[in-house]
Amino acid sequence: MAVAHRGCVVAGYLLLLLLAGCKARIHKLTLNNDTRFAVDLNNFGFYANGTLDVNLTSLRLPDQLVNYSMYPVGFSLSRSRVNGVLSYTAEETETCPLTLTKLTNNEPLILFLIDINTLSVNVRVMGDQDNILTAKPKAEVPKGQRKARDALDNPVNTPDGAKTSDKGVKNAAKPNSEVNQNEQDESVDQKKKDQTEEKPVLAVEAAKVEGKEFQLGKTNQLTLALDKINGSYYFNFHMVVGLLAEGLYSLKFHYCRNRLPGAKFPYSFTVELMEKNPGGYLSAAEIPLSRLYIGMAGVFFTAAMIWVYTLMKHRYSVFKIHWLMAALAFTKSTSLVFHSINYYFINTKGHQIEGLAVMYYITHLLKGALLFITLALIGTGWAFVKYILSDKEKKIFMIVIPLQVLANVAYIIIESTEEGSSEYYLWKEILFLVDLICCGAILFPVVWSIRHLQEASSTDGKAAMNLEKLKLFRHYYVMIVCYIYFTRIIAILLKVTMPFQWQWCYEFLVEVSTLIFFVLTGYKFRPASNNPYLQLPQDEEDVEMDEVVTESGALEGISKVKKTCNGRERQKESTL
């Protein structure tokens, strides 16, 4: 068990470091030299009058000239009613969504095409829309001013071959005093500009977009302004979801040039997002979760108190593992309480309270470790009829406990990083794989115990008792398989097929199935004299104490004693 203690300490230290970058529902994502052709920024379920604020504070693209009509850069905002594959799954590997001119399915789509050559953002609206977009429109620049602006942006060649701006050419014709004064003024302006850039506009302030309102249901083509400062491009927009446009929205960034085979053109950007529903910062599927978790916490706490009462009532039949089961129930209840509080503050403030988030992650880690340790110990029969684990059983714990620590670290990283980061999906795959390995590993001790009882029922004189134990272990095996199958597969399938506002039912089904599994496990292995798992032989004749051991021979070399019913030693034989 020392491995579990060290693993929990390491995981707790890691989560303290990871929570520093957690932004919850007010998102800020910064990517440097990324080469992905598509970046999933966020998924959010909007009710009517929900708002989406997108603030692209910095975008840097490769210096190579490119035809942006053939390989566009920009954002796509798609809408779906379910949480399945939101849009363009079959075509996405071959065709860039930004190049679409008509819908390939019934999901409405809004495209924001960035054109750095004309400093504009072309908005293309497809499908049924009922949203209001507020943004800064593209202003028409007279030809004379356009040429002057281009002359300022593009350097000119001097006779000696050095490149200077026309501002430098003008300064060359002025006296040195005027040039020095201009340079001082420019340095002051540059310092002010640098101070402004050091404090980028927060996503919360993006709602104050000054621009024009556009009814997207009536407009299919828009041109917005794209600003440029020191080689970085930026723009923002504010969108209000209409009554007919409720759904699950998916915002993605696309750099279509990297779809070419072998293309790795790095780009960098910083984007800030803020999503809100009329009731707060939570998505439509997450709004009921705070009440759900606090309600289930009360149910688990009640079940834990009933279990403790049962242990106190049958204290002479209680083993250590019974108290471990009680600790698991209380830890589960505490974890749900902190989870509920965490969602409450996210809904009201838009971000987590770090101290409460740390407490939730600690209790979540302990709950996961206790769950798999308890299930494995019950499967081996530890503390009920034996206090020694075989070598095979010890190896199971040496595998399961570190994997559980890794799974909890992966969960913390997923919760603490933005969805668009490159590490997000890697840790998500690690979590899914490790969780399946742990679920499969805890089945092995149960299978070994079933095999041993099958052999024992045919070799000794207590076939009836062993068959009762065998029946109990088979029920326990079926319970574990059903619990894993339902919470890891069935509930996920239901989640991706439910309407977006009912996807909280996934969490409800998981919690209810966990409660049922805990209750059935406690009932099957309750401390009672008539429990077949805990029964001792009651025969008047000479009987041999049943030793539940595995095939590994962990108890090899230990002698056992045959006794009469009155406790006198009658015969001693070696088991060597």
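Structure: above.
Residues numbered from 1 in each chain as written. Predicted model: local features only at pLDDT ≥ 70, side-chain atom pairs only at ≥ 80, totals over all residues. Heavy atoms only, no water.

Section: the state of the cysteines
The full count for this structure, using the stated rule, is one disulfide. Among the cysteines around C438, which has no disulfide bond, C439 carries the closest sulfur, lying 6.9 Å off. (Disulfide = S-S within 2.5 Å.)

Structural notes on the nonpolar core
L371, F372, F397, Y476, I480 and F517 are the most contacted members of the largest nonpolar core, which has 54 residues in total. Sorting the residues of this core by element identifies α6 (289-313), α7 (320-349), α8 (354-380), α9 (391-416), α10 (422-441), α11 (443-457), α12 (463-497) and α13 (505-524) as the ones contributing at least two each. Here the element with the most residues in this core is α6; it accounts for nine residues. Among all residues touching Y476, those that are not within four sequence positions of it are L375, I378, G379, V446, T521 and F525. Counting 45 residues, the second largest nonpolar core, distinct from the first, contains V54, L59, F112 and M239. (Core = buried A, V, L, I, M, F, W, Y, C linked by side-chain atoms within 4.5 Å. Buried < 20%, exposed > 50% of the residue type's maximum accessible area, 1.4 Å probe, protein only. Helix = DSSP H or I, 4+ residues; strand = E, 2+ residues; numbered from the N terminus. Contact = heavy atoms within 4.5 Å.)

With respect to the side chain of T331
Along the chain, T331 falls in helix α7. Filtering out sequence-adjacent residues up to four positions away, T331 remains in contact with T363, L366, K367 and L370.

Let's talk about the packing of aromatic side chains
Following the criterion strictly, the structure yields 24 aromatic pairs and no others. Taking 5.4 Å as the distance between ring centres and 75° as the angle between the ring planes, the aromatic pair formed by Y344 and F345 counts as edge-to-face. Consider the rings of F444 and W448, whose centres lie 6.1 Å apart with planes at 45°: the pair is tilted. Of this pair, F444 and W448 are both found in helix α11, four residues apart, which corresponds to roughly one turn of the helix. F444 sits in the partly exposed class, given a relative accessible area of 44%. Pairwise contacts between aromatic rings join F75, F112, F235, F237, F253, Y255, Y267 and F269 into one cluster. (Phe/Tyr/Trp six-rings, centres within 6.5 Å; stacked < 30°, edge-to-face > 60°.)

Re the side chain of N277
Within the secondary structure, N277 sits in the loop between β15 (267-276) and α6. The exposure class assigned to N277 is buried, which follows from its relative accessible area of 4%. Among the polar contacts made by the side chain of N277, one reaches the main-chain carbonyl oxygen of G45 at a distance of 3.0 Å. Filtering out sequence-adjacent residues up to four positions away, N277 remains in contact with F44, G45, F46, Y47, G50, L282, S283, A284 and I287. (Polar contact = N/O pair within 3.5 Å; in protein donor to acceptor, adjacent residues only side chain to side chain.)

A short note on α13
Under the 1.5 Å per step criterion, the end-to-end length of α13 is 28 Å for 20 residues, consistent within 8% with the ideal 28 Å. C505, Y506, V510, E511, S513, T514, L515, F517, F518, T521 and G522 are the residues of α13 that are buried. (Expected span 1.5 Å × (residues − 1).)

Looking at the pattern of salt bridges
Inspection of every chain in the model, using the stated rule, returns five salt bridges. Ionic pairing is found between D40 and K252, a salt bridge with its closest N-O pair at 3.6 Å. Here D40, found in strand β2 (residues 38-46), pairs with K252, found in strand β14 (residues 247-255); they are 212 residues apart in sequence, far enough to count as distant. Look at D40 and you get partly exposed, because its relative accessible area is 24%. (Salt bridge = Lys/Arg side-chain N within 4 Å of Asp/Glu carboxyl O.)

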